[in-house]
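Here is what each chain is made of, one letter per residue.
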Amino acid sequence: MRHFLDINATDTEDLKSMIAQARAMKDARAGRPKGTPDDELPLKGQMVALIFEKPSTRTRVSFDMGVRQMGGETMLLTGQEMQLGHGESIADTARVLSRYVDMIMIRTFEESALHELAEYASVPVINGLTNRTHPCQIMADVMTFEEHRGPIQGKKVVWTGDGNNVCASFIHAAGQLGFDLTYTGPDRLDPDPEFVAEARAKGSKIEIERDPMKAVEGADLIVADTWVSMHDAPSTRERRHNLLRPYQVNDYLMKGAKEDALFMHCLPAHRGEEVTDSVMDGPQSVIFDEAENRLHAQKAVMRWCLGV
Ligand code: CP
Ligand code: NVA
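Here goes a summary of the coordinates provided. (Residues numbered from 1 in each chain as written. Chains lettered and ligands numbered in written order. Predicted model: local features only at pLDDT ≥ 70, side-chain atom pairs only at ≥ 80, totals over all residues. Heavy atoms only, no water.)

### Description of the pattern of salt bridges
Counted under the stated rule, the structure contains 20 salt bridges. Taking the shortest distance from any N to any O, the salt bridge between D220 and K258 comes out at 2.8 Å. Placement of the pair is D220 in the loop between helix 8 (212-215) and strand 8 (221-224) and K258 in the loop between helix 10 (251-255) and strand 9 (262-265), with a sequence separation of 38 residues. When its relative accessible area of 8% is taken as the criterion, D220 is described as buried. Under the relative-accessibility criterion, K258 is labelled partly exposed at 36%. With a shortest N-O distance of 3.2 Å, E273 and R237 are connected by a salt bridge. Here R237 lies in helix 9 (residues 237-244) and E273 lies in the loop between strand 9 and helix 11 (277-280), a separation of 36 residues in the sequence. Residue classification places E273 among the partly exposed positions, given a relative accessible area of 21%. (Salt bridge = Lys/Arg side-chain N within 4 Å of Asp/Glu carboxyl O. Helix = DSSP H or I, 4+ residues; strand = E, 2+ residues; numbered from the N terminus. Buried < 20%, exposed > 50% of the residue type's maximum accessible area, 1.4 Å probe, protein only.)

See below:
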């Protein structure tokens, strides 16, 4: 029984084997209606609780479909409709849920809530996004990059805009999987220095470059995310937009990267803000492959957690 809490807390070999398994499972389902089960049903008889304390489209639907394809069942819960949202402790919630279900996926606010849940649960816990990290997204992103361009090791990824939770998991992956990452954005929104130092100590080149045109030179992949995350106070919107406007990904910026550079965005996107329509819908964009690969990557993550 293993928790999947963060990419920097997961062995490199395990990350690679999950991505390989995700690709194999995707290939094995090619052309099949999405609602039909896989040939193998490793989650048969298993119940997975999916807890959301924030909105979600991709995480919610991809986990639900992934469990069903592998023969299991899901229970969708929101914090507000559970006692968790009305004062019951996370530790008690973890111990109670562990008596009913075989695995828990949670999307929550504070990272400490995820860690407390994992500490007290006797079943695997999966991080479906916190204010600080989003590891399942980056499993899908690495899988997507490798499908299109081969091994990500040694490549250059450029993160544009807010050094947020998704950026943090990308930096974790750089350290674990041996690629380089340049952050380009305003200094007030820099990524967590602890994560930057950790990835550097593992041998990855992690650079901070304020000039977006300089940052994208030689890039194999350019990534954008929303300028205002779910945990950011709405009152910060205008200030964030003013700070981040110079970092919009548009055709001009894409031209500064390698000719065959890919564009990714975890979605939901705010078209016309962090990225233009022409990039989102252009030939370098792999955004919908990324979204699809959430399904396949998370199926491999769930199998790893349960050891099945
Ligand atoms: N990328 C992502 O996690 O999307 P959702 O918020 O829709 O789950
Ligand atoms: N950074 C975004 C990602 C959404 C999937 C947020 O946390 O809202």
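### Here we look at the site of ligand 1
Taken together, S56, T57, R58, T59, R107, H134, Q137, C266, L267 and R294 are the residues near ligand 1. Contacts to ligand 1 include H134, whose side-chain N or O atom sits 2.9 Å from an oxygen atom. Contact between ligand 1 and R294: an oxygen atom at 3.0 Å from a side-chain N or O atom of the residue. Relative to its unbound accessible area of 250 Å², ligand 1 is 96% covered by the protein chains. The residue makeup of the shell around ligand 1, split by class, is two nonpolar, five polar and three charged. (Near = heavy atom within 4 Å. Polar contact = N/O pair within 3.5 Å; in protein donor to acceptor, adjacent residues only side chain to side chain. Areas by Shrake-Rupley, 256 points an atom, 1.4 Å probe, with all protein chains shown as cover. Nonpolar A, V, L, I, M, F, W, Y, C, P; charged D, E, K, R; others polar.)

### Looking at the sheet that holds strand 2 (residues 73-78)
Pairing within the open sheet is parallel, and its four strands lie in the order 2-1-3-4. Two strands lie at the open edges of the sheet, namely strand 2 and strand 4 (125-127), each paired on one side alone. Each strand axis lies, on average, 20 degrees off the axis of its neighbour in the sheet, ignoring direction. Sheet topology note: the strand 3 (residues 103-107)/strand 4 ladder contains three bridges and is parallel. Across the sheet, residue M105 finds its bridge partner in strand 4, namely I126. (Pairing = 2+ DSSP bridges. Axes fitted to C-alpha atoms, helices over the stretch in contact; angles between N-to-C directions.)

### Observations concerning the packing of aromatic side chains
What the rule picks out here adds up to three aromatic pairs. Ring geometry for F4 and W304: centres 6.1 Å apart, planes at 85 degrees, overall edge-to-face. One end of the pair, F4, is in the segment before helix 1 (12-28); the other, W304, is in helix 12 (residues 287-306), with 300 residues separating them in the sequence. What makes W304 buried here is its relative accessible area of 10%. Following the ring pairs from residue to residue traces out a cluster consisting of W159, F170 and F179. The ring centre of F109 lies 4.9 Å from the NZ or CZ of K54, which sits over that ring. (Phe/Tyr/Trp six-rings, centres within 6.5 Å; stacked < 30°, edge-to-face > 60°. Lys NZ or Arg CZ within 6 Å of the ring centre and 35° of its normal.)

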